[in-house]
Every structure is written in structure tokens, then in C-alpha cells.
Amino acid sequence: MIAIPCQHEQRTKIGKDRKGNQRFRCTKCRKTFASDAARPLGNMRIDLDKAVMALSLLLEGMSIRATERLTSLHRDTICDLVLHVGENCERFMANLKGVPVQDIQADEIWSYVYAKDKKKIERGLADELGDSWTFIAIEANTKFVVAYAIGKRDLNTCQQFLNRLKDATVGRFQMTTDGLTMYRNNVPFTLGSRVDFGQLVKTYASTQTETRYSPAQIISAEKSATFGTPDPDRISTSYIERLNLTLRMQMRRFTRLTNGFSKSPDHHRAMQGLFFAWYNWCRKHETLKQTPAMAARLTDRNWTIADLLRSVA
């Protein structure tokens with residue numbers, strides 16, 4: 001269980017450090033700390049309540065400029081806030097260990113930074129811009145996002161994703177992915193005897209390039225036991241595809257056919273780190289009636305965004 005850190009609300013001064021920073025001692029937990037340690041926003045000169053409000057609006061699908069109008073924070077300050085908190089959340093998620101899992105579903109979701117690949121090539125833009133793919137693994141029973149990785153839809157990103165999944169989980173589990181060929185060999189190679197691996201291969205009536213505004217029609221869906229002895233009844237990608245919908249609905253950067261897409265790869269990664277940490281520890285799931293972290297028994301309470309900021313700082 002991940003404990004909520006002491007908030008150090010009751011403190012006494014105990015001198016200064018060699019750099020002149022005020023030091024405190026918490027009268028509750030007796031921990032000593034410098035003044036910056038009690039500031040989850042680091043050196044940003046912004047009230048915690050206003051920062052929480054801005055992040056809440058962004059996580060509910062607001063754009064940067066709409067958040068600017070509602071909070072009176074400058075858009076540059078909001079972008080700096082997203083970068084600072086998001087990078088902390090990204091490290092927090094990458095260091096997950098010992099998550100109990102039984103049934104993992106994995107998928108990739110498409111987005112882009114600054115321009116799509118076609119326009120990127122035409123304009124001669126940097127390699128880090130263009131199409132971006134996020135590999136995501138969710139535990140079907142607790143709805144906990146166990147691991148994710150952001151990059152191109154290639155072997156390097158896939159392997160990074162599987163390594164994170166391996167490090168974050170414990171025990172044997174079943175895993176289901178779509179028909180992406182790079183999973184077929186890399187899942188058994190990375191997870192070994194810990195996994196029973198099945199794939200759900202969907203056949204479409206036309207290519208995705210021919211259906212710009214809506215997905216292509218599905219003709220058939222075949223289940224295949226790729227490795228080990230997966231239960232055919234549990235070979236499904238329904239929960240991870242529902243998470244993809246939540247991601248597109250609640251993150252403006254993923255909303256199609258708008259100008260809210262990311263312009264910076266750093267902010268694109270940071271916002272996703274913030275979203276997944278918030279989704280796991282702060283957002284109460286309507287079916288579970290609790291957060292995914294509570295369902296996974298990683299914490300015993302519903303975190304607020306302020307709790308998350310303090311925990312990842």
C-alpha cells in the first residue's frame with residue numbers, strides 16, 4: 001500500500017541551512033526539511049489551490065486558453081505547470097513496482113505533435129515531431145494503468161513498454177493485445193513463463209487511410225492463443241479500448257479535428273504522465289466506485305490532486 005505522505009501542517013523553525021534556506025521540523029512526524037521541501041510546485045510562484053484548479057480543468061478536457069480564461073493564469077504559466085508536474089508524474093509512473101495483476105489488456109493510441117507525419121516530411125521538420133503512439137497496459141479487473149510508453153509505433157517503443165510492464169507487475173497473468181505483429185515474439189521473450197498471451201485480431205472492410213472521420217467497419221474478430229494457455233473467454237480488448245475513449249474525451253491534445261494538439265513533445269509526454277497518474281489515484285471509476293489504485297490495494301483512500309502533487313514532488 002502506498003501511504004499518503006505527511007503534509008507537515010504543524011511545523012516549527014529550527015534554523016537555516018548553509019544556503020540560507022529556512023529549515024523546519026514537523027511536530028507530527030518529526031521530519032526535518034528545508035522550506036522548498038514543503039512546496040510541491042517547486043520554485044513556481046503560484047498558489048497550490050489555483051494550480052490544482054488549473055490541472056483539474058485540463059484533466060477534464062479544457063484547452064490551455066480556456067483554462068487561462070477561467071483561472072486568470074497566463075498560458076505560459078499553465079504550460080510550465082504542466083511540464084513541472086507532468087515530468088514528476090512520469091517518473092512516478094515509471095517507478096511503479098509490485099502491482100498485483102491478473103488480466104492485462106494492451107493497445108496503442110495515435111496522436112501527433114505539431115504536425116502529422118505527412119506534413120512533417122513536406123516541411124522538413126525535426127524527427128521528434130509528427131505522429132506519436134502511446135502503448136498502454138490496463139488491468140481489466142481494477143482498471144489500473146500499469147505501464148505506458150510514448151514514441152513511434154516501432155520495436156523500440158514496444159520493447160520499452162514491455163520492459164516497464166515486466167518491472168511494474170508481480171506474479172503470473174494473462175495478457176491480450178491486438179494483432180500487431182511485434183507483440184507476437186516480444187511478449188513471450190520479455191515476460192517469459194509469467195504470461196499467458198492471447199491476441200484479438202480484427203479484420204476491417206477497408207484501410208484506415210480510406211476512412212478519415214470514422215473507424216473502418218470490422219468484418220471479423222479472431223481470438224488466438226499465441227503463448228501459454230490463455231483463457232479464451234478472457235481474450236478481449238474491451239477495457240483498454242474504453243480507456244482510449246476516456247483519453248480522447250478528457251485530454252484536449254487527443255481530441256481529433258481540432259487545433260488543441262500538442263506543439264511540444266515535452267509537454268505532450270508530461271500531460272500524459274499527469275493524466276495516467278491522476279486516472280490511477282484521483283479519478284473515481286464509476287463501476288468500481290473507487291479509484292483504480294484503491295481497487296489494486298495500493299492505497300486506502302481517494303487521493304486529491306493536491307495529494308498527488310505532494311507525492312510525486
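What counts, and where the lines are drawn
Residues numbered from 1 in each chain as written. Predicted model: local features only at pLDDT ≥ 70, side-chain atom pairs only at ≥ 80, totals over all residues. Heavy atoms only, no water. Helix = DSSP H or I, 4+ residues; strand = E, 2+ residues; numbered from the N terminus. Expected span 1.5 Å × (residues − 1). Buried < 20%, exposed > 50% of the residue type's maximum accessible area, 1.4 Å probe, protein only. Polar contact = N/O pair within 3.5 Å; in protein donor to acceptor, adjacent residues only side chain to side chain. Pairing = 2+ DSSP bridges. Axes fitted to C-alpha atoms, helices over the stretch in contact; angles between N-to-C directions. Contact = heavy atoms within 4.5 Å.

*Asks:* Help me out: how do you make sense of helix α8 (residues 265-281) in this one?
*Replies:* Along an α-helix, residues three or four apart share an orientation, since each turn contains 3.6 residues. Helix length check: α8, at 17 residues, gives a terminal C-alpha distance of 25 Å against a target of 24 Å (1.5 Å per residue), a fit within 8%. Extensive coverage of α8 is indicated by the burial of 15 of its 17 residues. By the N-cap criterion, in which a side-chain oxygen at the helix start approaches the backbone nitrogen of a residue two or three places on, α8 is capped by Ser 264, the distance to Asp 266 being 3.3 Å.

*Asks:* Could you clarify how one ought to interpret the sheet that holds strand β2 (residues 22-26) in this entry?
*Replies:* Within a beta sheet, neighbouring strands are joined by backbone hydrogen bonds and run either parallel or antiparallel to one another. With antiparallel pairing, three strands are arranged side by side in an open sheet as β1-β2-β3. Every other strand in the sheet has two partners, leaving β1 (11-16) and β3 (32-34) as the edge strands with one partner each. Neighbour-to-neighbour, the strand axes of this sheet turn through a mean angle of 30°, independent of strand direction. Note: β2 against β3, three bridges, orientation antiparallel. Each residue of the ladder has a partner; that of Phe 24, found in β3, is Phe 33.

*Asks:* Just to check I follow, could you spell out the pairing of strand β5 (residues 103-113) for this structure?
*Replies:* The side chains of a regular strand alternate between the sheet's two faces. In terms of burial, β5 is largely enclosed, as eleven of its eleven residues are buried. Of the two faces of β5, the one carrying Asp 103, Gln 105, Asp 107, Ile 109, Ser 111 and Val 113 and the one carrying Ile 104, Ala 106, Glu 108, Trp 110 and Tyr 112 are both buried. The pairing of β5 with strand β9 (residues 173-177) spans three bridges and is parallel. When the sheet's bridge partners are listed, Ile 104 is paired in β9 with Met 175. One ladder, built from ten bridges, connects β5 with strand β6 (residues 130-139); its direction is antiparallel. The residue bridging Ser 111 from the neighbouring strand is Ser 132, located in β6.

*Asks:* Would you mind going over the side chain of Thr 71 with me for this structure?
*Replies:* If you trace the backbone, Thr 71 turns up in helix α2 (residues 64-71). Here Thr 71 falls in the buried class, since its relative accessible area comes to 6%. Here the side chain of Thr 71 touches Thr 67 through a polar contact of 2.7 Å, landing on its backbone oxygen. Sequence-distant contacts of Thr 71, defined by excluding residues within four places in its chain, comprise Lys 50, Met 53, Ala 54, Leu 57 and Ile 78.

*Asks:* When you look at the sheet that holds β6 in this model, what are you seeing that I'm missing?
*Replies:* What the six strands build is an open sheet, ordered β7-β6-β5-β9-β10-β11; its pairing is mixed. In the strand order of this sheet, the two ends are held by β7 (145-151) and β11 (218-227), each with one partner. Sheet twist, expressed as the average angle between the axes of neighbouring strands with direction ignored, equals 20°. Its contacts with the sheet put helix α5 (residues 155-168) on β5, β6, β7 and β9, and the angle it makes with β7 is roughly 160°.

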